[in-house]
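Inside the fold
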Amino acid sequence: MSATDANPARAEAVLSRLQLLVTRKLDGLLQGDYLGLLPGPGTEAGESREYRPGDDVRRMDWPVTARTTVPHVRRTVVDRELETWLAVDLSASLDFGTGRWLKRELVIAAAAAITHLTVRGGNRIGAVIGTGPPRDGGTGSSATPPGVLRLPARPGRKEAQGLLRTIAGTPTRPGRTDLGLLVDALNRPPRRRGMAVVISDFLAPPAQWGRPVRKLGVRHEVLAVEVVDPRELELPDVGVLPVVDPETGELHEVQTADPRLRRRYAAAAAAQRGAIAHELRAAGAAHLRLRTDSDWLLDMVRFVAAQRHARTRGTTR
């Protein structure tokens, strides 16, 4: 069980610390006009410009292209009033961390930063939270699957703070959230075009969540935030290492002194992460990876800056 799960006061303290980091550092590092967290195509028509390799062909301006005989695309302006939805995976596998943060705390950090960047100018933010497998075989409603908590999208900083407190205070239950059902909860009911953010370690098989993410990307700008711990990528040479599966409670002992085992582990981990990245690219989602042993805030700043730079060049991926 994580510290944030066991102690509500700890969860509140972690959230307060994260919000202070976000407020003090994020605004200072990301100065300039508000362009949205993901500078996507938006819905308001703008001016046309010549086509560049990498532009979305769905935005071709055919009348201008025919008139000038030069391919043009229609630029669109990011909506000033945006509805953002978070899909927050709080499976038991997130209660793990060997770096500066637990993965669960990194999930909360990402949610806090995204909320800060989007809840301005009347923008609304809501969330669906994966709380583990359904209890007692519950069926839930047609819009909210079992094992998923839905928080309606509302404007205002006070409402956003309440949303973050709910995320931080949601207890973890044994087992794994069905990430596919969690993502699909953002597809129902259909809503106006906006931004959808999926925050998870994505350890569930890509076949489970790939199709729902692709479906989500048909209508919305999608950002996938993948949280990773370094021990999930490679094993250190520390002799016999006892490992507990947080989702089942099973204890395993791993002989990390075996170099062949460490190589096989690293190769399998690289293949797993490669499959995750491939599935997200196929879905057209922007992909941000945050590590528990790195400066997650700086990584997020670099990501947003790169997205903004891509927009000035006419691309968003």
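Figured I'd write up the structure that's included with this text. (Residues numbered from 1 in each chain as written. Predicted model: local features only at pLDDT ≥ 70, side-chain atom pairs only at ≥ 80, totals over all residues. Heavy atoms only, no water.)

1. Here we look at helix α4 (residues 103-118)
This is how the line gets drawn: Runs of H or I in DSSP of at least four residues are treated as helices and runs of E of at least two as strands, each being numbered from the N terminus. Helix span, expected: 1.5 Å multiplied by one less than the number of residues in the helix. Three exposure classes are used, based on accessible area relative to the maximum for each residue type with a 1.4 Å probe and protein chains only: buried under 20%, partly exposed in between, and exposed over 50%.
Compared with the 22 Å implied by 1.5 Å per residue over 16 residues, the 23 Å span of α4 between its first and last C-alpha is a close match. Judged by how many residues are buried, α4 sits mostly within the fold: 16 of 16 residues are covered.

2. Digging into the pairing of strand β4 (residues 124-130)
Rules: Should DSSP find at least two bridges between two strands, the strands are taken to pair.
Summarising burial for β4: 7 of the 7 residues are buried, a large majority. Going residue by residue along β4, you find Arg124, Gly126, Val128 and Gly130 tucked away on one face and Ile125, Ala127 and Ile129 tucked away on the opposite face as well. Sheet analysis places strand β3 (residues 83-89) next to β4, joined by 7 bridges and oriented parallel. Along β4, the bridge assignment pairs alanine 87 with valine 128.

3. Some details on the sheet that holds strand β7 (residues 221-228)
Here is the rule we go by: Helix axes use the C-alpha atoms of the stretch in contact, all axes being lines fitted to C-alpha atoms, and the angles between their N-to-C directions lie in the range 0 to 180 degrees. The contact criterion used throughout is that any non-hydrogen atoms of two residues lie within 4.5 Å.
Strand order in the open sheet formed by 6 strands is β5-β4-β3-β6-β7-β10, with mixed pairing between adjacent strands. In the strand order of this sheet, the two ends are held by β5 (148-155) and β10 (286-291), each with one partner. For this sheet the average axis-to-axis angle between neighbouring strands, irrespective of direction, equals 15 degrees. Taken together, the 6 bridges between strand β6 (residues 195-200) and β7 define a ladder with parallel strand orientation. Note on β7: the bridge partner recorded for valine 198 is alanine 224. Those strands touched by helix α5 (residues 157-169) are β3, β4 and β5, and its axis lies near 10 degrees from that of β4.

4. Details of the pairing of β3
For β3, a buried count of 7 out of 7 residues is recorded, marking the element as mostly surrounded by other parts of the structure. Here β3 shows no split at all, with Glu83, Trp85, Ala87 and Asp89 on one side and Thr84, Leu86 and Val88 on the other all buried. Bridge count between β3 and β6: 5 bridges; the pairing is parallel. Note that in β6 the partner of valine 88 across the bridge is isoleucine 199.

5. Quick look at the environment of glutamate 226
So the rule is basically this: Polar contact is the term for a pair of N or O atoms within 3.5 Å; when the atoms are in protein, one must be able to donate a hydrogen and the other to accept it, and sequence-neighboring residues count only if both atoms are side-chain atoms.
Checked against the element boundaries, glutamate 226 lands in strand β7. Of the residues examined, glutamate 226 reaches a relative accessible area of 0% and is grouped as buried. Considering only alpha carbons, one finds glutamate 226 and histidine 287, 61 residues apart in sequence, at a separation of 7.4 Å. The contact partners of glutamate 226, leaving out residues within four places of it in the chain, are Ser200, Asp201, Phe202, Arg273, Ile276, His287, Leu288, Arg289 and Leu290. Within the local environment of glutamate 226, its side chain forms a polar contact with the side chain of arginine 273, the two groups lying 2.5 Å apart. There is a polar contact of 3.1 Å between the side chain of glutamate 226 and the side chain of arginine 289.

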